[in-house]
Amino acid sequence: MSVDELVKKLQAEQEYRPTAVAVIYRGEGAEREYLILKTSNSEIDPDDPFPDTWLLLQGGIKPGETYQEGLYREIFEESGIDEKELKLEKIMEPSEVIYKDFSEEKLPISGIYTKGKAYIVSYLEYIGEGNLKLNGENSEAVWVSKDKAIELFRLGEPKKAEELVGYISMEA
């Protein structure tokens, strides 16, 4: 099964929302940096489950989108980075997808009834030179070392932090 077939299956079942997670990096070796974003505070978005938390760029795949269409749309919406400024290195295999349950029952999440999210992680090298442009969902975006990213992730909710550490540690 391909990633796009999995996305269609998940959308048809309406239990787990397919969610693209983008590990975006630049540089090599000791110079490698990762793009992480700080979610807007609870005053800006009272529905944000992780306000003022450092995360990797992520977002849901809309019905009718392929995985890559949704991935690049989310990246552009949240950071202003265009698809042409990225080199896709790896997309997680369908067997590696991470399922997170939020409820025993189906609950409306972003207008779609789901039990949770299915996180599909991608690794992308940033080859552009433009400036980041935030859309309001996030209050800050920074390029940081792996160690600094892990330190910032761990300032947030512990389970979510360890999940993010795992994604960034997998490498492309």
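All residue numbers here refer to positions counted from 1 along the written sequence of the relevant chain. Restriction of local features to residues with pLDDT of at least 70 applies here, the model being predicted, together with a cutoff of 80 or more for giving and counting side-chain atom pairs; totals for whole chains, interfaces and linings are based on all residues. No hydrogens and no water enter the side-chain calculation; it runs on all heavy atoms of the structure.

Asks: Would you mind going over the pattern of salt bridges with me for this structure?
Replies: Pairing between side chains becomes possible if they bear opposite charge and their charged atoms approach one another. When a carboxyl oxygen of Asp or Glu is within 4 Å of a side-chain nitrogen of Lys or Arg, the pair counts as a salt bridge. Scanning the model with the defined rule gives 10 salt bridges in all. Where Glu 28 meets Arg 32, a salt bridge forms, and the shortest distance between an N and an O atom there is 3.7 Å. Buried residues are those whose accessible area, probed at 1.4 Å on protein chains only, stays under 20% of the maximum for their type, while exposed residues exceed 50% and partly exposed ones sit between those limits. With a relative accessible area of 16%, Arg 32 lands in the buried category. With a shortest N-O distance of 3.3 Å, Arg 73 and Glu 77 are connected by a salt bridge. Within this pair, Arg 73 and its partner Glu 77 are both found in helix α2 (residues 67-79), separated by four residues, close to a single helical turn. Overlapping salt bridges bring together Glu 65, Arg 73, Glu 74 and Glu 77 as one network. Under the scheme used here, helices are H or I runs from DSSP no shorter than 4 residues and strands are E runs no shorter than 2 residues, and both carry numbers assigned from the N terminus.

Asks: When you look at helix α3 (residues 146-153) in this model, what are you seeing that I'm missing?
Replies: Quick reminder: α-helices carry 3.6 residues per turn. Residues three or four places apart thus point the same way. Considered for burial, the residues of α3 that qualify are Ala 149, Ile 150, Leu 152 and Phe 153. All buried residues of α3 project into a common sector of 165° when viewed along the axis, lining one side. Throughout, the arc means that of the directions going from the helix axis to the C-beta atoms.

Asks: Explain the nonpolar core here, please?
Replies: Proteins that are soluble and globular tend to have nonpolar side chains buried together. Put simply, buried Ala, Val, Leu, Ile, Met, Phe, Trp, Tyr and Cys residues joined by side-chain atoms within 4.5 Å make one nonpolar core. Counting 47 residues, the largest nonpolar core has Ile 24, Tyr 67, Ile 75 and Phe 153 as its most contacted members. Pairs of residues are marked as contacts when any of their non-hydrogen atoms sit within 4.5 Å. Look past the residues within four positions of Phe 153 in its chain and what remains in contact with it is Ile 36, Trp 54, Leu 55, Leu 56, Ala 161, Leu 164, Val 165 and Ile 168.

Asks: Just to check I follow, could you spell out the side chain of Glu 125 for this structure?
Replies: Its place among the elements puts Glu 125 in strand β9 (residues 116-126). By the counting rule applied here, Lys and Arg register as positive and Asp and Glu as negative, while His and the ends of each chain are not counted. Within the buried set, Glu 125 has no salt-bridge partner at all; the shortest N-O distance to an opposite charge, 4.5 Å, is to Lys 87. The contacts of Glu 125, once residues within four sequence positions are left out, are Tyr 25, Glu 28, Glu 85, Leu 86, Lys 87 and Glu 89.

Asks: Would you mind going over unusual backbone geometry with me for this structure?
Replies: If a residue is not glycine, its phi is most likely negative; likewise, a peptide bond is most likely trans. The backbone phi angle of Gln 14 is positive, close to 55°, even though this residue is not glycine. Mapped onto the fold, Gln 14 is located in the loop between α1 (3-13) and β1 (16-26). Under the relative-accessibility criterion, Gln 14 is labelled partly exposed at 36%.

Asks: Even after reading the chapter, I still don't get the environment of Gly 80, so can you show me in this structure?
Replies: Here Gly 80 shows up in the loop between α2 and β5 (86-91). Separated by 52 residues in sequence, Gly 80 and Leu 132 place their C-alpha atoms 5.5 Å apart.

Asks: What's the story with the packing of aromatic side chains in this structure? I'm lost.
Replies: When we look at a pair of aromatic rings, we describe it by the centre distance and by the angle of the planes. Here is the rule: rings of Phe, Tyr and Trp (six-membered ring for Trp) pair when centre to centre is within 6.5 Å. Planes less than 30 degrees apart are stacked, more than 60 are edge-to-face, and the remainder are tilted. Across all of its chains, the model carries three aromatic pairs by this definition. Between Tyr 16 and Tyr 99 the ring centres are 5.1 Å apart and the planes differ by 80°, which places this aromatic pair in the edge-to-face class. Of this pair, Tyr 16 sits in strand β1 while Tyr 99 sits in strand β6 (residues 98-101), and the two are 83 residues apart along the sequence. Here Tyr 25 and Tyr 34 contribute two aromatic rings whose centre-to-centre distance is 6.4 Å and whose plane-to-plane angle is 55°, an arrangement assigned as tilted. Assigned by exposure class, Tyr 25 and Tyr 34 land together as buried.

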